[in-house]
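Summary of the model geometry
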Amino acid sequence: MYAVNFTEVSEFVFLGLSACRPVQRFLLAFSTVLYVTIVLGNVLVVFTVMLDPHLHSPMYFLLGNLSFIDLCLSTLTVPKMLSDLYSDKNTISFQGCVFQIFVLHVLGGSEMVLLIAMALDRYVAICKPLHYLTIMSPRMCILLLSGAWVIGLLHSLAQLAFVVHLPFCGPNEIDSFYCDLPQFIKLACADTYRMEFMVTANSGFISTGTFFLLMISYIFILVTVWKRSSGGLSKALSTLSAHITVVVLFFGPCIFVYMWPFPTVSVDKFLAILDFMITPILNPAIYTLRNKDMKTAMRRLLYIFDGHKVEKY
Ligand SMILES: *[C@@H]1O[C@H](CO)[C@@H](O)[C@H](O)[C@H]1NC(C)=O
């Protein structure tokens, strides 16, 4: 019987974003501020959507769920990066690394499906307003959401199934601040050409395909509005340009990381900052603070909490 375990690497070392001390200090301060903002902003959105009955509609449910995923996505990578910057102990266990890759792809996959669901929601609201409530029923919302999680899970399992048995025999330095498949595969002591192809095929084509699908749907929505009336266009444009910005910022790095054929690793770790620290801030900022209903709801919520305080004392 062969029971050989090739895995001799028990932990990986992150090289981080920079080896230079002053730059690390700056990154620590900058990322701490961003992360605190991400947590506060997204928690605020999630609670406002859950607590205010006025916001119990498909668009806000999807928004609340998007904020939740963004929060998880940041929390998966940023606190570890902060603690590495702070303490100089830049290691992660083998299991920790695999766990990070797994959760990263579940969340990333779900977020992509959720963004499609949000585009669908806007399409129905703008192009088929009379049927909005029947099409985007509570059942449809649940279906879209569970679909998002199931697809994320399947996507992640499918990729991990290929790489989890890779042999590792020594090299364990990851030129980044988090674990992801491209770097992980490169460290394996095997011919990884097919693996790399598989990652490109799976993650790369999914991100690129979703990106184009979303762009086409937004263009389609805009053209529909434009044909109907020129007055509606500017309003639709202001809502949709926000969605489009998020889509470009979220997918840009993904497409680059998984599709770029040359191993210019130092570029994609900086691009990853966009996904873990910038889009999670943009979502609450763009979708929420520019939105009148959301602002009213937050004021109402504040009022309710104040009311409780008054009752108590
Ligand atoms: C996510 O969507 C579900 C179903 O539509 C909804 O019940 C839930 O409140 C949403 N979650 C958040 C955090 O908004």
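Keep in mind that what you see is a predicted model, and the values were worked out from it rather than measured.

Concerning the nonpolar core
- Residues Phe 12, Val 163, Phe 168, Phe 184 and Phe 276 are the most contacted members of the largest nonpolar core, which totals 83 residues.
- With 16 residues, the top contributor of residues to this core is helix H3 (residues 94-127).
- Sequence-distant contacts of Phe 12, defined by excluding residues within four places in its chain, comprise Asn 90, Thr 91, Ile 92, Phe 94, Cys 97, Phe 168, Asn 172, Ile 174, Phe 184 and Leu 187.

As for the sheet that holds strand E2 (residues 91-93)
- Reading across the sheet, the three strands line up as E2-E1-E3 and stay open at both edges, with mixed pairing between neighbours. Pairing within the sheet leaves two strands with one partner each, and these edge strands are E2 and strand E3 (173-174).
- Across two bridges, the pairing between strand E1 (residues 11-14) and E3 is parallel. Paired with Val 13 across the bridge in E3 is Glu 173.

Some details on the site of the ligand
- As a matter of local geometry, the ligand sits amid Val 46, Val 49, Met 50, Phe 61, Gly 64, Asn 65, Cys 141 and Leu 145.
- For the ligand, an oxygen atom lies 2.4 Å from a polar atom in the side chain of Asn 65.
- Mapped by element, the contributors of at least two residues to the shell around the ligand are helix H1 (21-51), helix H2 (58-87) and helix H5 (138-163).
- Per-class residue counts for the shell around the ligand are six nonpolar, two polar and no charged.

Some remarks on the packing of H1 against H2
- Running from N to C, H1 and H2 cross one another at 155 degrees; their axes reach a closest spacing of 9 Å. As far as their axial angle goes, H2 and H1 are roughly antiparallel. Crossing of H1 against H2: the hand is left-handed.
- Looking at the contact of H1 with H2, its residues break down into 20 nonpolar, eight polar and two charged.

Re the UniProt feature "transmembrane region" (unreviewed entry) in the protein chain
- Annotation from UniProt places "transmembrane region" (unreviewed entry) at residues 26-47, 59-78, 98-120, 141-162, 204-225, 237-258 and 270-289.
- The straight-line gap between the two end C-alpha atoms of residues 98-120 is 33 Å; of that span, 100% is helix and 0% is strand.

Quick notes on the pattern of salt bridges
- All told, the structure shown has four salt bridges when counted by the stated rule.
- Across the salt bridge formed by Asp 52 and Arg 300, the nearest N and O atoms sit 3.0 Å from each other. Taken together, the residues span a long stretch of sequence, with Asp 52 in the loop between H1 and H2 and Arg 300 in helix H10 (residues 292-312) at a distance of 248 residues.
- Across the salt bridge formed by Lys 269 and Asp 175, the nearest N and O atoms sit 2.7 Å from each other. Of the two residues, Lys 269 is situated in helix H9 (residues 265-289) and Asp 175 in the loop between E3 and helix H6 (181-186); the sequence distance between them amounts to 94 residues.
- By relative accessible area, Lys 269 is classed as buried at 6%.

Analysis parameters
- Residues numbered from 1 in each chain as written.
- Predicted model: local features only at pLDDT ≥ 70, side-chain atom pairs only at ≥ 80, totals over all residues.
- Heavy atoms only, no water.
- Core = buried A, V, L, I, M, F, W, Y, C linked by side-chain atoms within 4.5 Å.
- Buried < 20%, exposed > 50% of the residue type's maximum accessible area, 1.4 Å probe, protein only.
- Helix = DSSP H or I, 4+ residues; strand = E, 2+ residues; numbered from the N terminus.
- Contact = heavy atoms within 4.5 Å.
- Pairing = 2+ DSSP bridges.
- Near = heavy atom within 4 Å.
- Polar contact = N/O pair within 3.5 Å; in protein donor to acceptor, adjacent residues only side chain to side chain.
- Nonpolar A, V, L, I, M, F, W, Y, C, P; charged D, E, K, R; others polar.
- Axes fitted to C-alpha atoms, helices over the stretch in contact; angles between N-to-C directions.
- Parallel < 35°, antiparallel > 145°, perpendicular 65-115°, else oblique.
- Left-handed = near helix turned anticlockwise from the far one by under 90°.
- UniProt positions renumbered as here; feature names shortened; annotations may be inferred.
- Salt bridge = Lys/Arg side-chain N within 4 Å of Asp/Glu carboxyl O.

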